[in-house]
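What the coordinates show
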Amino acid sequence: MRVRESTIEQELIEKLGELKYTLRRDIHDRATLERNFREKFEALNRVRLTDAEFQRLLDEIVTPDVFAAAQTLRHRNAFTRDDGTPLNYSLVNTSDWCKNSFEVVSQLRVNTDYSHHRFDVLLLINGVPAVQIELKTLGINPRRAIEQIVEYKNDAGNGYARTLLCFIQLFIVSNRDATYYFANNNTRHFAFNADERFLPIYQYAAPDNSKISGLDAFADAFLPKCTLGQMISRYMVLVASEQKLLMMRPYQIYAVQNIVECIDKNLGNGYIWHTTGSGKTLTSFKASTLLKANPAIEKCLFVVDRKDLDRQTREEFNRFQEGCVEENTNTESLVRRLMSDDAADKVIVTTIQKLGRALDPARADYAQRLEPLREARIVFIFDECHRSQFGENHQAIKAFFPKAQLFGFTGTPIFDENASYKRIEGDEQTLKTTDDLFQQSLHEYTITHAIEDRNVLKFHVEYYKPDGKLAPKPGETLAKRAVVEAILSKHEAATGGRRFNALLATASINDAIEYFDLFKAAQAEKQQAEPDWQPLNIAAVFSPPGDVSADVRQLQEDLPQEQEDNKQDPEAKKAALKAIIADYNARFTTNHRIEEFDAYYQDVQQRIKDQQFPNADLPKKGREKLDIVIVVDMLLTGFDSKYLNTLYVDKNLKYHGLIQAFSRTNRVLNDTKPYGNILDFRGQQAAVDAAIALFSGARKDQAREIWLVDTAPVVIDKLKEARAALDRFLASQGLSGKPEDIANLKGTAAKVAFVQHFKEVQKLQTQLDQYTDLTAEQREQIETILPKDELRSFRGQYLQKAEELRADQKKPGGLDETTRNEVEQLDFEFVLFASSTIDYDYIMKLIADYSGKAPGKASMSREQLIGLIASDAKFMGEREDISEYVRGLKAGEGLSEDAIRAGYEQFKADKAAQDMAALSARHGLPVAAVQAFVDGILSRRIFDGEALTELLAPLDLGWKARAQKELALMGDLLPLLKKRAGGREIAGLKAYEV
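Residue numbering note: each chain is counted from 1, following its sequence as written. Owing to the predicted nature of the model, reporting of local features is limited to residues with pLDDT of at least 70; listing and counting of side-chain atom pairs is limited to 80 or more, with chain, interface and lining totals taken over all residues. Based on all heavy atoms of the structure, the side-chain values leave hydrogens and waters out of the count.

Below, the discussion takes up the sheet that holds strand β22 (residues 628–631). The pairing criterion for strands is at least two bridges between them, as found by DSSP. In this description a helix means any DSSP run of H or I spanning at least four residues, a strand means any run of E spanning at least two, and both kinds are numbered starting from the N terminus. Reading across from one edge, β19-β24-β23-β20-β22-β21 is the order of the six strands in this open sheet, with parallel pairing throughout. With partners counted over all chains shown, the strands left at the sheet margins are β19 (459–463) and β21 (538–541), one partner each. Each strand of the sheet is rotated relative to its neighbour by a mean of 20°, with strand direction disregarded. The pairing of β19 with strand β24 (residues 676–680) spans five bridges and is parallel. Across the sheet, V461 pairs through a bridge with I678, a residue of β24. Packing against the sheet, helix α24 (residues 597–609) makes contact with β20 (501–506), β21, β22 and β23 (644–650), and its axis sits at approximately 135° to β21. Any two residues whose heavy atoms approach within 4.5 Å at even a single point are treated as in contact. To get an axis, fit a line to the C-alpha atoms, keeping to the stretch in contact for a helix; angles then go from 0 to 180 degrees between the N-to-C directions. Helix α25 (residues 655–662) contacts β19, β23 and β24 of the sheet and is inclined by roughly 140° relative to β23.

Attention shifts here to helix α37 (residues 927–940). Residues spaced three or four apart along an α-helix face the same direction, because each turn holds 3.6 residues. Under the convention used throughout, the expected extent of a helix is 1.5 Å for every residue step, that is, one less than its residue count. In a regular helix each residue adds 1.5 Å, so 14 residues correspond to 20 Å; α37 covers 20 Å between its end C-alpha atoms and thus fits that length. On its buried side, α37 packs onto α36 (897–923), α38 (945–952) and α39 (959–981). At the exit of α37 stands R941, carrying a positive phi of roughly 55°.

This part is about the nonpolar core. Core analysis: the biggest nonpolar cluster contains 112 residues, and F37, L123, F222, L223 and L228 have the highest contact counts within it. The element best represented in this core is helix α9 (residues 250–264), accounting for eight residues. In contact with F222, not counting residues within four places along its chain, are L170, Y181, Y204, T227, L228, M231 and M247. What is meant by a nonpolar core is a set of buried Ala, Val, Leu, Ile, Met, Phe, Trp, Tyr and Cys residues, joined one to another through side-chain atoms within 4.5 Å. Between buried and exposed lies partly exposed: a residue is buried under 20% and exposed over 50% of the maximum accessible area for its type, with that area taken using a 1.4 Å probe on protein chains only. Within the second largest apolar cluster, 106 residues are counted, among which are Y251, I447, V484 and L577.

Let us look at the sheet that holds strand β13 (residues 347–351). On the basis of which strands lie adjacent, the open sheet formed by six strands has the order β13-β12-β14-β15-β11-β18 and parallel pairing. In the strand order of this sheet, the two ends are held by β13 and β18 (441–445), each with one partner. Averaged over all pairs of adjacent strands, the angle between strand axes in this sheet comes to 15°, irrespective of strand direction. Bridge count for strand β12 (residues 299–304) against strand β14 (residues 378–382) is five bridges, and the pairing is parallel. What sits directly across from L301, in β14, is F380. Lying on the sheet, α9 is in contact with β11 (270–274), β14, β15 (405–410) and β18; it crosses β18 at an angle near 175°.

On the surface, D416, E417, D435 and E444 cluster together to form a negatively charged patch. Mapped onto the elements, E417 comes out in the loop between β15 and β16 (422–425). The exposure class of E417 is partly exposed, given its relative accessible area of 49%. Patch members must show over 30% relative accessible area and no salt bridge, and they are joined within 9 Å when carrying like charges or within 5 Å when they are nonpolar side chains of Val, Leu, Ile, Met, Phe, Trp or Tyr. All accessible areas in this document rest on Shrake-Rupley with a 1.4 Å probe, and a residue is counted as covered only by the protein chains that are shown. A side-chain nitrogen of Lys or Arg and a carboxyl oxygen of Asp or Glu constitute a salt bridge if their distance falls within 4 Å. Asp and Glu are treated as the negative residues and Lys and Arg as the positive ones, with His and the ends of the chain left uncounted. Taken as the charge location is NZ of Lys, CZ of Arg, CG of Asp or CD of Glu.

What follows deals with the packing of α37 against α38. In contact at an axis separation of 10 Å, α37 and α38 are set at 180° when each is read in the N-to-C sense. Between α37 and α38, the interaxial angle falls into the category roughly antiparallel. Facing A929, V930 and F933 of α37, the residues of α38 in contact are A947, L948 and L951. The nonpolar class holds Ala, Val, Leu, Ile, Met, Phe, Trp, Tyr, Cys and Pro. Asp, Glu, Lys and Arg form the charged class, and all remaining residues, Gly among them, are polar. Considering only residue class, the contact of α37 with α38 consists of six nonpolar, no polar and no charged. Reported orientations rely on four angle classes, namely roughly parallel under 35 degrees, roughly antiparallel over 145, roughly perpendicular from 65 to 115, and oblique for the rest.

Turning next to the pattern of salt bridges. The full count for this structure, using the stated rule, is 55 salt bridges. In this structure, the salt-bridge partner of D82 is R56, at a minimum N-O distance of 2.8 Å. Pair noted here: D82 is in the loop between β2 (77–80) and β3 (86–89) and R56 is in helix α3 (residues 51–61), with a separation of 26 residues, a long-range link. What makes R56 partly exposed here is its relative accessible area of 28%. Here the salt bridges share partners, and the residues they tie into one network are K15, E18, D216 and D220.

Tracing the sequence through the fold places T672 in the loop between α25 and β24. A distance of 2.5 Å separates the side chain of T672 from the side chain of N670, its partner in a polar contact. Within 3.5 Å is the distance limit for a polar contact, defined as a pair of N or O atoms, with the added protein rule that one can donate a hydrogen and the other accept it, and that residues adjacent in sequence qualify only through two side-chain atoms.

Before going further, it helps to examine the packing of aromatic side chains. Two aromatic rings from Phe, Tyr or Trp, using only the six-membered ring of Trp, form a pair when their centres are within 6.5 Å; if the ring planes differ by under 30 degrees the pair is stacked, by over 60 it is edge-to-face, and anything between is tilted. In total, this model carries 40 aromatic pairs according to the counting rule given. Ring plane angle 35° and centroid distance 6.4 Å describe the contact between F754 and F794, whose orientation is recorded as tilted. One end of the pair, F754, is in helix α29 (residues 748–769); the other, F794, is in helix α31 (residues 788–810), and 40 residues separate them in sequence. Among the residues examined, F754 registers a relative accessible area of 0% and is labelled buried. Among the residues examined, F794 registers a relative accessible area of 0% and is labelled buried. Where F758 meets Y798, the ring centres are 6.2 Å apart and the plane angle is 55°; that geometry is what we call tilted. Taken together, the positions of F758 in helix α29 and Y798 in helix α31 put the pair 40 residues apart, joining distant regions of the chain. Residue classification places Y798 among the buried positions, given a relative accessible area of 0%. Three or more aromatic residues link up through ring pairs in this structure, and these residues are F119, Y152, Y160, F171, F182 and F190. In this analysis the charged atom, NZ for Lys or CZ for Arg, is taken to sit over a ring once it is within 6 Å of the ring centre and within 35 degrees of the ring normal. For K153, the ring lying beneath its charged end belongs to F190, and the centroid distance is 4.4 Å. Looking at R607, its charged tip hangs above the ring of F588, at a distance of 4.3 Å from the centre.

Printed below as a string of structure tokens:
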């Protein structure tokens, strides 16, 4: 039996009563909400406002700007009373959030000029609506509640923008079994889509990272009054540079709490084991800012181990709070800031190298100036402490600052198995571990946890075996030309048709140089053999030898292989790097020099990240991107890009070095990136297994199945079953398994079922498309399960049905709640149906090829071309026009690509003119007037009601007939406007959508 939503709501209200919230049944609308807020405001600020003053206060604090409202909620503010006297006020007790009043309101109705909404449950803190809880019936996906909130907030004149609801900080959604929460934000950070790029959604968890998903358990853990107050006041971050509210994840909160407790109780040192990609910078920032308010702490130093991480971390800290960390340009600047009493100098970001120089006994002037700090309580937080803390600097810090507390963050701790530094005590020699240095683990969130939470991806590891040959023995090197040929043959598949990019990790600078030259030669040969083949853009980065700038010297201090390599034949390496940079300059029209290597290095990193932009949006249509970057030590730690998905490995890796390198590939994006791709050319399976076992935490027995994706045979079997399930569904509808029969599906439920079945097929197909280790037999098996032409036809049918369902969804009363919930989740899957290689330019080339060759000789037939257009989500709004244009062309007509483009533009213009003339005639209006009306709307993307009145004025209609004519005209114009707007929003059209 289905549990009613009202029952779930009542159970929650009873639970909140147990948590000592006050139930306010008398607050049911905007007026009673504002009356209650006024009472709380006046009590907190010990003031009595006149009615006029209170209304003016509301006018000042109510704002559509979520970020501004969040700042007002947290700060002391100023108000001028009617008699001119100032009033400094707070909305809540910010010094002790526990001392506010906590109330619960249910079924609040808020009506504004354009919006009429009901809210399930609101939590008020001192009368301010701070948390909204939206509930769904058991069995309904909570995503529907998330979407509903986004819809409400997008309504013109909604309650969130025009009432006290602007102060909502958190949204909680639940169907009793599954509970999620997320931060409120302004529109640009508040879209719920497949990428979840703007709207991170969280599940709460216990300190051991086990999920707390049931609503009752969530309320016990998250909603006690003081806990909720802390979540809002301490564990939300206002990102000033982006005007965004950011919620900390549970494991970040526990780490910060444990560090703060360790400092408050002076419990010694400790380290946080949070995996790569889990947001350690935000955790350390929050810990640092909380320490800023601790008068017992003299200084907090956040210590990183390379210049680029110094800059990156400083920028991240300042992203969270503008100007909170200044640049330390040199050691002198660091010493000056250490001795400064300025509040801005309490938290300092610096490198381990600068700190080491400041404490160097040879620099007596620094030591003398720092002497007053020797007995002070100083907190050191070390980023990536598996690298920065194993050496003389650690001992120097402990010797100079005996009362300091040291905390480390690492994604890959040093254990006995992977320790390389030795500690000597008397006659006994032992290896130095993270526990040795930092005494205790304060919190753990391993890669195993992160993969299970979908915060990072699994890995697909291929151990390359040359055709017809045995796999290389562990650590054995293959001929580099064979590696280059293998990469060129596998790169398209590995990167999803160049949707993503890759790193090639090499064993030495000489290897990197040789690989660069081999790729250049191999690509030239391949292009000569295949003129249509587009060469890969390849760059190489390694530190220059010889006399370099201080910036580069600092960079080199954490690049041991490169440092060692540069001792041998430095002039040859310098010449090779100059040639590589010259090739880069010629390719990308840049002007980099080896003398300014850091600028080149930064440019390479930015081009890797530019992979995120569609080729069509870039001036050179993607030719400015990098496909592969050849590296030695650089970029294998600390560098993140969601669009980097592949690591080619011709270098011996083990333990933390292996995990760090692999982790460059597994940042979460969406379903087009199912895993991080590793192609190993050194037969290192034993090293991979050992690293997984070492860094999996408490789940060693399940680590391999959690970390690694299924093998190809397993996924092929899943694809076979998904296809069989699709066929069984179609048979149940009296249809064959042919794509063309999908058009005969009857009813919304059947369309939804088809879309869900085929979506599963497509996900598995996408996964297999990026496997680099498929055999010829396996490829044939996949083709048998789902031939390419059939797959393309199914994709076209999917997009067609999804469009129909979206249209049904917008019709009032068109769908029952269950079907509507299923339909509204389909939008998130369109990303799976947009190829990175098929764009407008590609289609124009194919059409030109069809036109230029005799019938039957083109690379694609007319129907295949139309099927390709229909199967790609990018052409959803234009596929009818392109398809109709292609149907009107003759094979072998011999039109050039320019002629095809011009012809298509003319075709669209002619068709638009015909449609406009027919529409105008149908409504008895001059074509020119209707065209001007449409052009005006599109130029501003705002519907103009006055212009519509003027357009219809010559018809001289009575008010009733005019209203009917207006609705009829706009009903016809709506699809035209939406099509010509190209998916961009036109404000004010919602009233005409039916």
